[in-house]
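# Coordinate analysis (summary)
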Protein chains: 2
Amino acid sequence: MKIPRPLTRVIEAFEKLPGIGPKTAQRLTYYLLHIPQDELEIFARALVNLKKDTLLCKVCRNVSESDPCPICSDSSRDSTLLLVLEQPYEILSFERTGKFKGLYHVLHGSINPLDNIGPDELYIEDLIKRTKKKENGFRELIIATNPTMEGEATAMFLHKKIKIVNPKLKITRLGMGIPTGADLEYADEVTLREAIAGRREM
Amino acid sequence: MKIPRPLTRVIEAFEKLPGIGPKTAQRLTYYLLHIPQDELEIFARALVNLKKDTLLCKVCRNVSESDPCPICSDSSRDSTLLLVLEQPYEILSFERTGKFKGLYHVLHGSINPLDNIGPDELYIEDLIKRTKKKENGFRELIIATNPTMEGEATAMFLHKKIKIVNPKLKITRLGMGIPTGADLEYADEVTLREAIAGRREM
């Protein structure tokens, strides 16, 4: 017995998503057989309109419905601070802290030669131009790429390039160490070394 | 900052699926922003047509494009053997074994009073009618509901009901014990007890 074609089409679509294997794709598809047709149509419409109704903000490259995005057009934010991120959804995490009131710049990835992603595949040129313009008045650039090999390489690349076009700009990286609630026993040695180096007076 | 509406619509649709939480739904949605529009439309079309292009076989209640389904209309199969399952996708597992050549009956769930699923919410009446008809010529009924509380309760309910309408029908349950490749050290005591009770001569 073969799975009917209408089902395999949905299974194949799910399988293309990251972290969804053949078994999960099958389980999700058979689950959808039990939901009402109008909910399936709402899901389908949302997929079709996902990219049609959004764009990338020309200033910060965040995903948005308007250009410039609500953050870039918010005059109450501190326009002297610029935080660089790999992915648009990471903005949400920083916004939730309530501690960052500056502007963002989204690279949409990190430099990864193994995946053929070089600086030209990311919004790095935009960032360099943005920091070069004196009228933008940035005081500090926080490079918040991930603490992975690719994220660190991207941070180093950005640091080198931006120091050339704007030597006076202060460039920082997020503090590293033990995350809140973590167990010292299970902390890896690299993290512990960073925590010792970054120790603070009480 | 709020997530743009076109994204939250897709996130909400994903969140309704079993095993997909808010974080995964968000990750999948942002991933979809990077795939071509025509792939999104293929996904959407597959969803809309999922239920339109399929039906439940009137004989066995399997999901199919034709009625009766390819298995029920295959005259080379052993029509004296009937295997009862909870879900349509479980048929695939039995077909892959190559060891079962009989017919199936899909209940579409198991009796679960906590979820308000009683015998009337399942295709149990159909099964009772099917086994009652002498001209169907069933020799054996294998109840292959899951070895869970609900599956066992369903099996016991079916056994009782079918014995009334067809007292001579042989009713069996799948063999229980240690699964292939399992580690005895980690086998739970209920499974071990079943394995001892079901031991076979070498």
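Higher on the page you've got the structure.
A brief look at the structure comes next. (Residues numbered from 1 in each chain as written. Chains lettered and ligands numbered in written order. Predicted model: local features only at pLDDT ≥ 70, side-chain atom pairs only at ≥ 80, totals over all residues.)

All right, on to the overall build of chain A then. Of the regular secondary structure elements, chain A holds 7 helices and 6 strands. In sequence order, the secondary structure elements of chain A are arranged as α-α-α-β-β-β-α-β-α-β-α-β-α. Relative to the globule expectation of 17 Å for 202 residues, the C-alpha radius of gyration of chain A, 22 Å, shows a markedly less compact shape. Taken over the C-alpha atoms alone, chain A extends approximately 65 × 45 × 35 Å along its principal axes. Across the 202 residues in chain A, those meeting the buried criterion constitute 24%. Sequence separation of at least 24 residues holds for 45% of the intrachain contacts in chain A that already meet a minimum separation of 6. (Helix = DSSP H or I, 4+ residues; strand = E, 2+ residues; numbered from the N terminus. Rg over C-alpha atoms; globule rule 2.2 N^0.38 Å. Buried ≥ 20, exposed ≤ 12 C-beta atoms within 10 Å, placed from the backbone. Contact = placed C-beta atoms within 7 Å.)

Attention now moves to the sheet that holds strand S6 (residues 170-173) of chain B. Residue and element names in this part refer to chain B. Taken together, 4 strands build an open sheet; the order of strands is S4-S3-S5-S6 and the sheet is parallel. Here the strands that pair on one side only, and so sit at the sheet edges, are strand S4 (103-106) and S6. Across the sheet, the axes of successive neighbouring strands diverge by a mean angle of 25 degrees, strand direction being ignored. Judged from the 4 bridges that link them, strand S3 (residues 81-85) and strand S5 (residues 140-143) form a sheet pairing that is parallel. Residue pairing in the sheet places Val84 in a bridge with Ile143 of S5. (Pairing = 2+ DSSP bridges. Axes fitted to C-alpha atoms, helices over the stretch in contact; angles between N-to-C directions.)

Bringing the pairing of S3 of chain B into the picture now. Residues and elements named next belong to chain B. Counting buried positions over the 5 residues of S3 gives 4, a clear majority of the element. Here S3 pairs with S4 via 4 bridges, running parallel. Looking at the pairing, Leu83 lines up with Tyr104 of S4. Handedness of the crossover joining S3 and S4 through helix H4 (residues 90-97): right-handed. (Right-handed = clockwise from strand over helix to strand, strands pointing away.)

This part covers the relation of the copies chain A and chain B. Superposition of the two copies of the chain requires a rotation about an axis and a shift along the axis. For the match of chain A to chain B, the screw axis carries a shift of 0.1 Å, the RMSD comes to 0.1 Å, and the turn is 180 degrees. A rotation of that kind, with that shift, is consistent with a two-fold axis. Minimal C-alpha distance to the rotation axis in chain A is attained by Ala44 of chain A, lying at 2.1 Å. Interface overlap between copies: 100% of the residues of chain A at the interface are likewise at the interface in chain B, consistent with a symmetric, same-surface contact. (Least-squares fit on C-alpha atoms with pLDDT ≥ 70 in both.)

Opposite the 42 residues of chain A that make contact, chain B presents 42 residues. Elements that contribute at least two residues to the side of chain A that touches chain B include exactly helix H1 (5-15), helix H2 (22-32), helix H3 (37-52), strand S2 (63-64) and helix H4 (90-97) of chain A. Ranked by residues supplied to the side of chain A that touches chain B, first place goes to H3 of chain A with 12 residues.

Attention now moves to the nonpolar core. Formed by 28 residues in total, the largest nonpolar core has its most connected members in Val10 and Leu47 of chain A together with Val10 and Leu47 of chain B. When residues of this core are traced back to their parent elements, those giving at least two are H1, H2 and H3 of chain A together with helix H1 (5-15), helix H2 (22-32) and helix H3 (37-52) of chain B. Once residues lying within four places of it in the same chain are set aside, the contact partners of Leu47 of chain B are Val10, Leu40, Phe43 and Ala44 of chain A. Leu85, Ile91, Ala155 and Ile162 of chain B belong to the second-largest nonpolar core, a separate cluster that totals 23 residues. (Core = buried A, V, L, I, M, F, W, Y, C linked by C-beta atoms within 7 Å.)

What follows concerns the pairing of strand S6 (residues 170-173) of chain A. One ladder, built from 4 bridges, connects strand S5 (residues 140-143) of chain A with S6 of chain A; its direction is parallel. For Glu140 of chain A, the partnering residue across the bridge sits in S6 of chain A and is Lys170 of chain A.

So, on to the packing of helix H5 (residues 124-132) of chain B against helix H6 (residues 149-165) of chain B. Residue and element names in this part refer to chain B. Look at H5 against H6: their axes get within 9 Å of each other, and the N-to-C directions meet at 35 degrees. Note on packing geometry: the crossing formed by H5 with H6 is right-handed. Residues Ile124, Leu127, Ile128, Thr131 and Lys132 of H5 form the contact with H6, whose own contacting residues are Leu158, Lys161, Ile162 and Val165. Its residues assigned to classes, the contact of H5 with H6 shows 6 nonpolar, 1 polar and 2 charged. (Left-handed = near helix turned anticlockwise from the far one by under 90°. Nonpolar A, V, L, I, M, F, W, Y, C, P; charged D, E, K, R; others polar.)

Structurally, Thr191 of chain B can be placed in helix H7 (residues 189-197). For Thr191 of chain B, the contacting residues outside a window of four places in its chain are Gly177 and Ile178 of chain B.

With that settled, consider the sheet that holds S6 of chain A. All names here are of chain A. The 4 strands are arranged S4-S3-S5-S6 in an open sheet whose pairing can be described as parallel. Among the strands making up the open sheet, the edge pair consists of strand S4 (103-106) and S6. In this sheet, adjacent strand axes meet at a mean angle of 25 degrees when their direction is disregarded.

This part takes up unusual backbone geometry. Cis geometry marks the peptide bond from Asp67 of chain A to Pro68 of chain A; its omega dihedral reads 0 degrees. Looking at the secondary structure, you find Pro68 of chain A in the loop between S2 and strand S3 (81-85). Phi at Arg61 of chain B is positive, roughly 70 degrees, even though this residue is not glycine. Arg61 of chain B gets classed as buried once you count the C-beta atoms within 10 Å, which come to 22. Of note in this structure, Asn116 of chain B is not a glycine but carries a positive phi near 60 degrees. Considering the arrangement of structural elements, one finds Asn116 of chain B in the loop between S4 and H5.

So, on to the packing of H1 of chain A against H2 of chain A. Residues and elements named next belong to chain A. Contact geometry of H1 with H2 gives a least axis separation of 8 Å together with a crossing angle of 130 degrees. Accordingly, the angle class assigned to the pair H1 and H2 is oblique. Seen from above, H1 lies across H2 with right-handed handedness. Between H1 and H2, the residues in contact are Leu7, Val10, Ile11, Phe14 and Glu15 and Pro22, Ala25, Gln26, Leu28, Thr29 and Leu32, respectively. Of the residues assigned to the contact of H1 with H2, the class counts are 8 nonpolar, 2 polar and 1 charged. (Parallel < 35°, antiparallel > 145°, perpendicular 65-115°, else oblique.)

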